[in-house]
Amino acid sequence: MLLSFFFFFLMIRRPPRSPLSSSSAASDVYKRQVSTQSTGSLYFIVRMARKHLKRLFAPKDWMLSKLTGVFAPRPRAGAHKIRECMPLAVILRNRLKYALNYKETQMIVRQGLVKVDGRARIDAKYPAGFMDVLEIPKTNDRIRMLYDVKGRFEMVRLSEEEAKIKLCKVVNIWTTSHRTPMLTTHDGRRIRFPDPKINRNDTIIIDVATGAIQSTLKARIGAIAMITGGSNRGLVGEILSVERHPGSFDIARLRDKQGNEFATRNNNVFVISNSFDSIPITMPRAQGQRINKIEEREQKLIAAEERKINKGNKKSKKSKKN
């Protein structure tokens, strides 16, 4: 009787067993957690900073090949979110074709040959995001980062005059120390003493060289906006209405040039103009209007035929020279 009571007492005092196998590393962590809980002390599992990015998990809009490597350059922490930007290495190597590998991109960038918003950036992993202006003085290239109708980054060529301005969305307006009003934009800028008429979600046109505000585009019904998130990213349309949902996401409804209506979260709306005729920046090829799949297929077939004809002309010229 006493012996059975003794074994029953031991079973009660025993800590709960791990559901994992005794040989796994996870079970050891579980045992340490149980032991520290019984003693009353705290135990934390520390996760180290992530410095690598597998190519399979890179954003789809980078359009990296799965078979050309294991890793992809992970953007530095900066003005744009990791999933909403593109490092300079990918732009120079995969988009502009100025480098064959990552080492060559480092050689280019470390000489200060690439400028982002007027400043030379010497880090090949520097994040360039929506509306950023890239300049390469040696090749006389000026590029603005925009979205195409499929939500992928498109490099839009600019003139010298247009490269001097940049559109920034007002994310927050707040008051800092000494009652100083402050304005924060989508690319991490902080502007002190802004115009009191500027509200959240408005767009300001900034001089890239000085950082001064030139003009303001109000976020109102009838304004023209580009979508920067969700399944409609890259589309351009006129704001029809904004539905308020306290405690949830406000929904904006827009209509494009072709009369198609679509809806998205109000946070994804980026005002770019007051009307379709007065957009101050150069737009991507599709002008933010979604193309019909049949028309898109026809355009691809025509482009493929043109490439074949050009190849044939080049071969005939070489044969004549020989």
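Just above sits the structure.
The rules behind each value
Residues numbered from 1 in each chain as written. Predicted model: local features only at pLDDT ≥ 70, side-chain atom pairs only at ≥ 80, totals over all residues. Heavy atoms only, no water. Buried < 20%, exposed > 50% of the residue type's maximum accessible area, 1.4 Å probe, protein only. Helix = DSSP H or I, 4+ residues; strand = E, 2+ residues; numbered from the N terminus. Arc of directions from axis to C-beta. Contact = heavy atoms within 4.5 Å. Polar contact = N/O pair within 3.5 Å; in protein donor to acceptor, adjacent residues only side chain to side chain. Pairing = 2+ DSSP bridges. Axes fitted to C-alpha atoms, helices over the stretch in contact; angles between N-to-C directions.

A. Highlighting helix H4 (residues 102-110). Among all positions of H4, only Thr105, Gln106, Ile108 and Val109 are buried. The arc enclosing the buried residues of H4, seen along the axis, measures out at 165°, which places them on a common side. In H4, the exposed positions that point more than 90 degrees away from the buried face belong to Lys103 and Arg110. Buried-residue contacts for H4 involve helix H3 (88-95). Of the residues flanking the start of H4, the one acting as N-cap is asparagine 101, its side-chain oxygen 3.3 Å from the backbone nitrogen of lysine 103. One or two positions beyond H4, positive phi appears at glycine 112, with a value near 75°.

B. Geometry of the sheet that holds strand S12 (residues 213-217). Pairing is antiparallel in the open sheet, where five strands are placed in the order S10-S9-S8-S11-S12. Two strands lie at the open edges of the sheet, namely strand S10 (190-192) and S12, each paired on one side alone. Neighbour-to-neighbour, the strand axes of the sheet open up by a mean angle of 40°, direction not taken into account. When strand S8 (residues 165-176) meets strand S11 (residues 203-207), the two strands line up antiparallel, connected through five bridges. Its bridge partner lying in S11, lysine 166 is registered against isoleucine 206.

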